[in-house]
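Chain residues, written in single-letter form:
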Amino acid sequence: MKQQENMSSLIMIFGATGDLAIRKLFPSLYRLFERGRLNKFAVIGVARRQITNDAFQKSVRESVINALGDKENIDEFISYFYYQSHDVTNSSSYVALRNLADQIDANYSLEGNRIFYLAMAPEFFGPIALHLKSDGLTEVKGFKRLVIEKPFGKSLESAKELNQQIRTAFSEEEIYRIDHYLGKEMVRNIEVIRFANAIFEPLWNNRYISNIQITSSEVLGVEERGRYYETSGALRDMVQNHIMQMVALLAMEPPIRLTTDEVRSEKVRVFRSLRRFESSEIKDYFVRGQYGPGTVNDEQVPEYRAEPMVDKESNTETFVAGKIMIDNFRWAGVPFYIRTGKRMKSKSTKIVVQFKDIPMNLYYQPEKNVHPNLLVIHIQPEEGITLHLNAKKAGGHLDAQEVKLSFANTGIQAMNTPEGYEKLLYDCLRGDATNFTHWDEVAYSWAFVDKISEVWEKTKTVDFPNYESGTIGPKAADELLEKDGFFWWPVSYLEVDMCK
Ligand code: NAD
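On a predicted model such as this, the values are computed, not experimentally measured, just so you know.

Here we come to the nonpolar core. Counting residues in hydrophobic clusters, the biggest one holds 104 residues, and the most contacted among them are F14, F286, F336 and I351. Excluding residues that lie within four positions of it along the chain, F336 makes contacts with I212, V247, L250, A251, G322, K323, I324, I326 and W331. Grouped together as the second largest cluster of nonpolar side chains are 40 residues, A21, F41, A119 and L424 included.

Right, here's the structure in full:
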């Protein structure tokens, strides 16, 4: 892994008065500071609002205290923060920004290292990158890195256009495309569980695994994000990036080394092996849903179409289930079922690896004849793994019963921020891009998802809303697995009282 000892850097956050900066970035930077992981640094917050340095520092202080409680060294921390009011569409303000950046760079001896973090609406990504180059902000003697939030385009075509714009100012190695799932502790753990255990890797293929299920469900509805969500939907918002990244980590071959290039190229090989469906086949492999009204946590909630800034006749999907096939030697014939949705029964992200049944069941089990072995990876809110085994029932004859062996990740919680932004920022400071998405990954997964959205856009659904808020999604999602003789393992069944 390419890592740098010298991590001094000027961090410029575009969109520094926005929700992401306030809720995630400032607390994450503080955590790095507190742990001594920010050696030499300074931050310039950039946003449209006209505020003073003092007012900006006050907002950083509040953001940290709200997220992490009172902190003794908070005054020192906020002293590294500067603010520049700046309209990113206006060329003249980049000159002022460059002057401020050069001055701060010199004052703090930051050696010309710069991280540009774009925490802004995606339509600004391309223009900002172009201005950074044309107005000289990227002419530095140290490193320059661009951190870019999702969404990376809305389709392969728009992603290509955006990529061309940012590539005029930054090389592929300098671009850190955030997928915050790759900052989550248990998502990072997938490759360790797979490649560091002799009991899993030999079984990790179509001879022993019958299917893999990935569920990422939310209780919240679309909230205030109606305007954005209407142009996105669950397919683009969740599947193209987070879910496909989890599929790649579960399916990839062991990399020959843990370098950024090797890990990414194995993931790309998975994307290249994805089965491409004909338009006429999409309905057999993918299901979409939209939430209707219902009860969530004992409260009545409205349907999606009644949410703010949502079209009253919207055909945007708030739920997707799908069956993904990976046509390579290891995975031929093994379905990867995926499911994600809003306003569902529980907030939960889990992966279930279901092993094939043993050839013959010798032991009587009261409730089921055969209980398959499951490996459950709990991504959030709880973090850990559970292995479902069969063992002899105590005292009985030779009756078998299911036992669940659990490991909870609480021991290293101190290192674990809710969204993983701390880890991703730290990776970026060290120059380790392994847990960011390479352009090839983005392009392949857009090509895959575009095919589905094209069909869905042409064939408007008539039955929306088709699932009640507070449930597990439309019935068609269950039928998708029933056709293959499987069923979704209920989240409630997979939840365990993890040993602390
Ligand atoms: P936001 O609307 O809360 O903040 C936008 C920021 O951009 C503000 O600081 C605003 O001043 C600034 N801005 C807008 N127009 C400007 C202009 N012309 N010139 C200068 N500054 C301008 O947005 P957000 O929720 O913080 O999201 C930012 C990005 O992060 C988006 O791409 C979003 O998709 C992504 N993202 C956000 C979250 C989250 O939790 N908020 C999570 C994942 C990804």
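Structure's up, so let's keep going.
On to a nonpolar patch on the surface. A cluster of nonpolar side chains, namely M360, L362, Y363 and L398, defines an oily patch on the protein surface of about 440 Å² accessible area. Relative to the helices and strands, L362 is located in the loop between strand 13 (348–355) and strand 14 (374–380).

For the ligand, the set of nearby residues contains 21 residues, the closest of which are T17, D19, L20, R23 and M120. Separating a nitrogen atom of the ligand from a backbone N or O atom of H86 is a distance of 3.4 Å. By residue number, the principal contributor to the shell around the ligand is helix 1 (residues 19–34), which donates 3 residues. Residues belonging to the shell around the ligand are distributed by class as follows: 11 nonpolar, 4 polar and 6 charged.

A few words now on the side chain of R288. Within the secondary structure, R288 is located in strand 8 (residues 286–289). It is E317 that comes nearest to the buried, bridge-free R288 among opposite-charge side chains, at 5.9 Å. Side-chain polar atoms of R288 contact the backbone oxygen of W456, separated by 3.2 Å. In terms of polar contacts, R288 uses its side chain to reach the backbone carbonyl oxygen of T459, at 2.5 Å. Leaving out residues up to four positions away in the same chain, R288 has contacts with E317, F319, W456, T459, K460, T461, F464, N466 and P474.

On to the pairing of strand 2 (residues 41–47). Taken across its 7 residues, strand 2 has 7 buried, putting it largely inside the fold. Burial along strand 2 is two-sided: F41, V43, G45 and A47 facing one way and A42, I44 and V46 facing the other are all buried. In this view, the connection linking strand 1 (residues 9–14) to its parallel neighbour strand 2 by way of helix 1 has right-handed handedness. Relative to strand 3 (residues 81–85), strand 2 runs parallel, the two sharing 5 bridges. In the sheet register, I44 faces strand 3, and the bridge partner there is Y82.

Conventions used here
- Residues numbered from 1 in each chain as written.
- Predicted model: local features only at pLDDT ≥ 70, side-chain atom pairs only at ≥ 80, totals over all residues.
- Heavy atoms only, no water.
- Core = buried A, V, L, I, M, F, W, Y, C linked by side-chain atoms within 4.5 Å.
- Buried < 20%, exposed > 50% of the residue type's maximum accessible area, 1.4 Å probe, protein only.
- Contact = heavy atoms within 4.5 Å.
- Patch = residues over 30% accessible without salt bridge, like charges linked within 9 Å, V, L, I, M, F, W, Y side chains within 5 Å.
- Areas by Shrake-Rupley, 256 points an atom, 1.4 Å probe, with all protein chains shown as cover.
- Salt bridge = Lys/Arg side-chain N within 4 Å of Asp/Glu carboxyl O.
- Helix = DSSP H or I, 4+ residues; strand = E, 2+ residues; numbered from the N terminus.
- Near = heavy atom within 4 Å.
- Polar contact = N/O pair within 3.5 Å; in protein donor to acceptor, adjacent residues only side chain to side chain.
- Nonpolar A, V, L, I, M, F, W, Y, C, P; charged D, E, K, R; others polar.
- Lys, Arg positive; Asp, Glu negative; His and termini not counted.
- Right-handed = clockwise from strand over helix to strand, strands pointing away.
- Pairing = 2+ DSSP bridges.

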